[in-house]
Each structure stands twice: as C-alpha cells, then as structure tokens.
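Topology and contacts: notes
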Amino acid sequence: MKEKLTVVKVGGKIVEGEASLQGLLADFVTLPDHKLLVHGGGKSATKLADRMGVETRMIDGRRITDEAMLDIVTMVYGGLVNKQIVAGLQAKGVNAVGLTGADWDTIRSVKRPVKEINYGFVGDVKKVNGKVLASLIRQDIVPVMAPLTHDGNGQLLNTNADTIAGELAKALSAYFDVTLIFCFEKKGILMNAAEEDSVIPVLTRPDFERYVVEGIIRGGMLPKLENAFSAIDAGVTQVIVTAAAALRSGGGTVILP
C-alpha cells in the first residue's frame, strides 16, 4: 500500500497576507502523512513591478512575462514569498525546503509558442522529476514549490501554479497515494458566484462541461478544473477545490472522473 501524500496549491492572495498566511500554515502543518505546498504570489509581483516602474500586463488573468517581469517574478516567487513560507513552516516545527523547478531539475518546461498572444517567458510543463521529490518527501522534508520552471538550457520560465500543482500530483502518484487540494478564497466551486454557500459538492467531467456551456463555470476556474480532471485521469486519487480556511475541517468541491 502506498504512503499518503497531500499536495496543496494555495493562491497568492492567501500567502501574501500575514493573517491568512499564518492561518494557512497552522492548518497545513496538521495535515496527516506527507505533504507538499505549491504557492502563487502575483499580487506581490505586481506591487514590486509598480515600485520598479515595470508595466504589468495581464490577458485573461494570465501575466505577460517579458525580461523585466521575469526578473521580478523570480525575485518574488522564488525569493520573498517562498522563503517567508519556508521560514513560517520551520517556526512550526516542519522541516521545509523552498524550491523552483530549476532546483534539482525538478520541473522542465518549454517556452510557450507565440500564437495569437505572445506571453513572453512563460513555460508549459514537459517533465517532472517525481523520483527526486519522492526521495525528499520520504525523509519527512516538505517541499515548498514556487511557480517557476526552467528549460534545461539556462532559461527560467514563469509557470502557472495550478498547472505545477497538477503536474506534481500526477508525477508523484507513481510513488504515493495522492490527494490534490486547490485552496482559494471561495468555499468551493459555486453554482452562483453571488451566493457563498452555493457550493457544488461533487463535480464530474460531464457536469463540468455542462456548467461551462451554461456559463456557471468560467474565467480563471477553467484552467484550474482542467488541471484537476487531468490529474484524476493520470492516477491522482482525489482532487478537492476548497477555501484555505477549510483545509483542516474539510468540505468544498470533490472532483470525480
């Protein structure tokens, strides 16, 4: 029987606020068995860009990453935000290590090809080194992954954190019984965005496809759920979308095949 591993992806809005970060870490450390944390940090990156006079450009919620912006997200994601989380976990007795995809060659990507939009130095994941991460995790070390990868030729790439979480969960399912949890500000996937308690408890792919057509699920939730279904199809045991505040208590939306 495989050991259990929980992969938690948490958005930048949660890790960038002192109170919400401390609440997240307090809940995260109580999760049983092995664990891994993937984080964002877009708000902090935008703030630093403003201070440095670098324009922030977003298309459909995705950041355009030119050379100047790549420097900023590397500093913020791989430095400030990542190390604040690691230090917070160490303070709670958790032996954490902060990593980007370049460290130990854990995640390789290719630069996204230019089609209708040139996203710049943005990476699409091609390979995850699950073996090296599994060796760390089995030593009771908790990886804290920043949303940065590399192409194997010396180029860092800004990479969607939801995608990284999904790809890590898939790769690690060869070694562990993996549960993937996407944490954000809402209680789960909502039937009505204006009603906080209208959580869809269980979501299957046919439901998802119907809700997309009906306009119930849209925007930034689309790539998150595509990653969720891709993870389930690849052998991840369970995917949950929930509020960060409910990490310990449970609830949210459970994704099923």
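Residues numbered from 1 in each chain as written. Predicted model: local features only at pLDDT ≥ 70, side-chain atom pairs only at ≥ 80, totals over all residues. Heavy atoms only, no water.

1. As for the overall build of the chain
Along its length, the chain carries 8 helices and 14 strands. For 257 residues, the compact-globule estimate of 2.2 N^0.38 gives 18 Å, and the chain sits close to it at 17 Å. Each principal axis of the C-alpha atoms in the chain carries an extent, and together these give about 45 × 45 × 35 Å. Out of the 257 residues belonging to the chain, those deemed buried represent 50%. If you take every contact in the chain between residues at least 6 apart in sequence, the share linking residues at least 24 apart comes to 70%. When the accessible surface of the chain is summed, it comes to about 11,800 Å², and 52% of that surface belongs to carbon and sulfur atoms. Of the side-chain charges in the chain, 29 are positive and 29 negative, and the distance between the mean point of each set is 2 Å. (Helix = DSSP H or I, 4+ residues; strand = E, 2+ residues; numbered from the N terminus. Rg over C-alpha atoms; globule rule 2.2 N^0.38 Å. Buried < 20%, exposed > 50% of the residue type's maximum accessible area, 1.4 Å probe, protein only. Contact = heavy atoms within 4.5 Å. Areas by Shrake-Rupley, 256 points an atom, 1.4 Å probe, with all protein chains shown as cover. Lys, Arg positive; Asp, Glu negative; His and termini not counted. Charge placed at Lys NZ, Arg CZ, Asp CG, Glu CD.)

2. With respect to the layout of surface pockets
Roughly 1,300 Å³ of internal volume is contained in the largest pocket. In terms of lining, the largest pocket is formed by 44 residues, of which the most central are K9, G61, D162, G220 and K224. At the level of elements, α1 (12–15), α3 (42–51), β3 (58–59), β4 (62–63), α6 (161–172), β11 (177–184) and α8 (221–233) are the ones that each hand at least two residues to the lining of the largest pocket. Split into classes, the residues belonging to the lining of the largest pocket amount to 17 nonpolar, 14 polar and 13 charged. Here the second largest pocket defines a volume of roughly 260 Å³. Mapped onto the lining of the second largest pocket, the elements with two or more residues apiece are β1 (4–10), β11 and β13 (238–243). Grouping the amino acids of the lining of the second largest pocket by side-chain chemistry returns 7 nonpolar, 6 polar and 3 charged. (1 Å grid on protein atoms, 1.4 Å probe; cavity = no way out; pocket = protein on both sides within 12 Å on 5 of 7 lines; lining within 4 Å. Points joined across faces, edges and corners; volume = space filled by probe spheres on them. Nonpolar A, V, L, I, M, F, W, Y, C, P; charged D, E, K, R; others polar.)

3. Quick look at the packing of helix α5 (residues 130–137) against α6
The geometry of α5 relative to α6 is characterised by a closest axis approach of 9 Å and an angle of 80° between their N-to-C directions. By the angle between their directions, the pair α5 and α6 is classed as roughly perpendicular. Residue-level contacts link G130, L133, A134 and I137 of α5 to L168, A171 and L172 of α6. Residues of the contact of α5 with α6, tallied by class, amount to 6 nonpolar, 1 polar and no charged. (Axes fitted to C-alpha atoms, helices over the stretch in contact; angles between N-to-C directions. Parallel < 35°, antiparallel > 145°, perpendicular 65-115°, else oblique.)

4. Notes on a negative patch on the surface
Side chains of E55, D66, E67 and D71 sit close together on the surface and give a patch of like negative charge. Its location among the elements puts D71 in helix α4 (residues 67–91). (Patch = residues over 30% accessible without salt bridge, like charges linked within 9 Å, V, L, I, M, F, W, Y side chains within 5 Å. Salt bridge = Lys/Arg side-chain N within 4 Å of Asp/Glu carboxyl O.)

5. Quick look at the pattern of salt bridges
Per the stated rule, a full pass over the model turns up 13 salt bridges. In this structure, E3 and R138 form a salt bridge, with 3.8 Å as the shortest nitrogen-oxygen distance. Here E3 is found in the segment before β1, whereas its partner R138 is found in the loop between α5 and β8 (142–145), with 135 residues between them in sequence. Take E3: its relative accessible area is 39%, and that puts it in the partly exposed class.

6. Notes on the packing of aromatic side chains
One pair of aromatic rings is described through two measures. These are the centre distance and the angle between the planes. Summed over all chains, the structure comprises 1 aromatic pair. Positioned over the ring face of F121 is K111, at 4.5 Å from the centre of the ring. Here K224 stacks its cationic end above the ring of F184, 5.6 Å away from the centre of that ring. (Phe/Tyr/Trp six-rings, centres within 6.5 Å; stacked < 30°, edge-to-face > 60°. Lys NZ or Arg CZ within 6 Å of the ring centre and 35° of its normal.)

7. Thoughts on the packing of helix α7 (residues 205–214) against α8
Here α7 crosses α8 at 165°, and the two axes come no closer than 11 Å. Considered as vectors, α7 and α8 are oriented roughly antiparallel to each other. Relative to α8, α7 is oriented so that their crossing is left-handed. Listed contacts from α8 to R205, F208 and V212 of α7 are L222, L225, E226, F229, S230 and D233. A class-by-class count of the residues in the contact of α7 with α8 yields 5 nonpolar, 1 polar and 3 charged. (Left-handed = near helix turned anticlockwise from the far one by under 90°.)

8. Describing the sheet that holds β13
Read across the sheet, 8 strands follow the order β5-β8-β2-β1-β11-β13-β14-β12 without closing on themselves; strand pairing throughout is mixed. Since the sheet does not close on itself, it has two edges, and those belong to β5 (96–99) and β12 (202–203), each with one partner. The sheet contact formed by β12 and strand β14 (residues 253–255) spans 2 bridges and is parallel. Looking at the pairing, L203 lines up with I255 of β14. (Pairing = 2+ DSSP bridges.)

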